[in-house]
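One-letter residues, chain by chain:
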Amino acid sequence: MSGFLSRVALRRDAPIQALARLLVPEGEGARHGAAHHLLWTLFGDDPERKRDFLWRQVEGGRFMVLSAREPVDAHNLFDMETRPFDPVLNEGDRLRFLLRANATIDRKAPGRTRSQRHDVVMDALHRLSPGDRAAGRETVVAAALDAWLGRQGARAGFVPALPVTLTGCDVLRVPRSGGRGTASFGVVELTGELRVTAPQPLLAAIMQGFGRARAFGCGLMLIRRAA
C-alpha cells in the first residue's frame, strides 16, 4: 500500500508568524489540538472527507505527515517536502522504528457486559499495590508496553525485538471544541527494532496507524532499515 510521507513546517515569514500564537499555542495539549485542525487544511478538499492521514509533531509548527493522498497547501501556510511512501519490504527484513502512541487495553469489568478501555501504563500501575509502585514501576510498565506492541505486531505482520525502549511517557490534555473541558489521554514514545513477518499487512497497518488518538498526533510509525 503506497502513500506520501511529508515534512511539513509552518512558514516563518511575517504574515504567517503574525498568526503563530493562534496556530501554535502555548502548551502541548493546546498545540496538539490546534495542529489537529491546522493539518486538515492540507487534506480538507471535501466537507465529507474522512481523515486519511497520520501525523506527529516534531516541534511546535513542524510535523511529519503520512497520507493516502498528496497534501495540497491551498492557503500557502507551509513549507513542505513530500515524497512517495512505498517501501519494498520482504519477510525477514529488520527495521528500526519510532512510534508515538496512545496505547490502550480493553478489560471486562465485573457486572458490565461491555469491556472498558484503559491506558496500558495506568492499567499496569493500578495492578500494583501502592507500596510496590515505586520499586516496580519501570519493570511493570516496560512489560506492559512490550506486550501491547507484541499484540500490534501479531495483527500487523511484525515481531518486535524485545525489550522496546520507552523514551517518553506523558498525558496530553487537549481542549474540547466549544469550551467543553479537555480530553485526556496517555502518550508513550517507543523506539526499537522489528522483524517483518508479513510485508503487505505491515504496510497497510502503518498507513492506518497504531493505537488510538490518531487524530491528535499519535499512531504514526516511522521506519528505516536496521543497520
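See the structure printed just above.
Please read these numbers as outputs of a predicted model, since none were measured by experiment.

A. Spatial organisation of the packing of aromatic side chains. If you walk through the whole model with that rule in mind, you get five aromatic pairs. Centroid distance W40 to F53: 5.3 Å. Interplanar angle 85 degrees. Geometry classified as edge-to-face. Residue W40 is found in the loop between α3 (28–38) and β2 (53–59), and its partner F53 is found in strand β2; the two are separated by 13 residues along the sequence. Ring centres of F43 and F53 lie 4.4 Å apart, and the angle between their planes is 20 degrees; on these two criteria the pair is classed as stacked. Here the residue F43 occupies a position in the loop between α3 and β2, and F53 occupies one in strand β2, the gap between them amounting to 10 residues. Taking relative accessible area as the criterion, F53 reaches 2% and is therefore assigned buried. Through successive ring pairs, a cluster of aromatic residues spans W40, F43 and F53.

B. Just the sheet that holds strand β5 (residues 94–101), in detail. Strand order in the open sheet made by the four strands is β8-β9-β5-β10, with antiparallel pairing throughout. Strand pairing shows two members of the sheet lacking a second neighbour, β8 (158–175) and β10 (221–225), which therefore form its edges. Averaged over all neighbouring strand pairs, the angle between strand axes comes to 15 degrees, with direction disregarded. Sheet topology note: the β8/strand β9 (residues 182–196) ladder contains 14 bridges and is antiparallel. What sits directly across from D170, in β9, is V187. Against the sheet, α3 contacts β5 and β8, and its axis sits at roughly 95 degrees relative to β8. Lying over the sheet, helix α6 (residues 199–208) contacts β5, β8, β9 and β10, oriented at roughly 155 degrees with respect to β9.

C. A look at the nonpolar core. The biggest cluster of nonpolar side chains holds 37 residues, and the ones touching the most others in it are W148 and F210. For this core, the secondary structure elements donating two or more residues are β3 (62–67), β5, α4 (120–126), α5 (133–156), β8, β9 and α6. Here this core gathers at least three residues from each of two domains, domain 1 (3–85) and domain 2 (93–225). V8, L38, F53 and W55 belong to the second largest nonpolar core, which has 16 residues in total.

D. Broad picture of the side chain of D123. If you trace the backbone, D123 turns up in helix α4. D123 has contacts with I105, R107 and H118, leaving out every residue within four places of it along the chain.

Thresholds, definitions, all that
Residues numbered from 1 in each chain as written. Predicted model: local features only at pLDDT ≥ 70, side-chain atom pairs only at ≥ 80, totals over all residues. Heavy atoms only, no water. Phe/Tyr/Trp six-rings, centres within 6.5 Å; stacked < 30°, edge-to-face > 60°. Helix = DSSP H or I, 4+ residues; strand = E, 2+ residues; numbered from the N terminus. Buried < 20%, exposed > 50% of the residue type's maximum accessible area, 1.4 Å probe, protein only. Pairing = 2+ DSSP bridges. Axes fitted to C-alpha atoms, helices over the stretch in contact; angles between N-to-C directions. Contact = heavy atoms within 4.5 Å. Core = buried A, V, L, I, M, F, W, Y, C linked by side-chain atoms within 4.5 Å. Domains from an automatic or database assignment.

No statement about biological role is implied by the geometric values presented.
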